[in-house]
Amino acid sequence: DLLQTPVYSDSYRDYAIPGRASGEALTYVSYAGGEPGAVLFGPAGDGEFHAVLIGAGTEKLGKQSPGIQLIYQVIKRRFAEGFRSFDMGLGNTGYKTHFRVEETRLSNHTKTFSVAGYMTALVYHRAKPVKNLLRTYVPNVR
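The notes below deal with the structure included here.

Scoring rules and cut-offs
- Residues numbered from 1 in each chain as written.
- Predicted model: local features only at pLDDT ≥ 70, side-chain atom pairs only at ≥ 80, totals over all residues.
- Heavy atoms only, no water.
- Salt bridge = Lys/Arg side-chain N within 4 Å of Asp/Glu carboxyl O.
- Helix = DSSP H or I, 4+ residues; strand = E, 2+ residues; numbered from the N terminus.
- Contact = heavy atoms within 4.5 Å.
- Core = buried A, V, L, I, M, F, W, Y, C linked by side-chain atoms within 4.5 Å.
- Buried < 20%, exposed > 50% of the residue type's maximum accessible area, 1.4 Å probe, protein only.

On inspection of all chains with the given rule, the structure shows 3 salt bridges. A salt bridge links Asp 14 to Arg 13, with the nearest nitrogen and oxygen atoms 3.1 Å apart. Through salt bridges with shared partners, one network takes in Asp 10, Arg 13 and Asp 14.

See the structure below:
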């Protein structure tokens, strides 16, 4: 879990706390039996919320799907407040199939100015097809 690493947990904490005060970052928490069951965090602005981090107590509450329940409640709340978009971030992960999502295709165009930059861009752009190929043989490749 990346959040067990101080550089990641400190980064999220250092953004979440001041972002909460300004409204630039939102954190939603659901509780079960007085304990946090799921947490949803992301930046917000101009009426949009971008869900970038979700955590759930799946060890104790896995059958209740606390993460999915929290996302559902946040979407319901935001739509009741007049918002019409909920950004679930990049990727086509399984939990998104519980919602009627519209996938946005992204393109990445790179301009390089050195041989090292060219090599880095080449590896970057070729990594995704190799990763997809590996997924067919090794399902746990992320």
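Turning to the environment of Gly 37, a few remarks are in order. By the element assignment, Gly 37 lies in strand 2 (residues 35-45). For Gly 37 and Ile 17, which are 20 residues apart along the polypeptide, the C-alpha to C-alpha distance reads 20 Å. Leave out the neighbours within four places in its chain, and Gly 37 touches Ser 30, Tyr 31, Ala 32, Gly 55, Ala 56, Gly 57, Leu 61 and Pro 66.

You will see that Asp 46, though not glycine, has its phi angle at about 55°, which is positive. Considering the arrangement of structural elements, one finds Asp 46 in the loop between strand 2 and strand 3 (48-49). With phi around 50°, Ser 65 is a residue other than glycine that occupies positive phi space.

The next subject is the nonpolar core. With 14 residues, the main nonpolar core has Leu 40, Phe 49, Ile 71 and Phe 86 as its most contacted residues. For this core, the secondary-structure elements that each account for two or more residues are strand 2 and helix 3 (66-80). Here this core takes 5 residues from helix 3, the largest share from any one element. Sequence-distant contacts of Leu 40, defined by excluding residues within four places in its chain, comprise Leu 26, Thr 27, Tyr 28, Phe 49, Ala 51, Leu 53, Ile 54, Leu 70, Ile 71, Val 74 and Phe 86.

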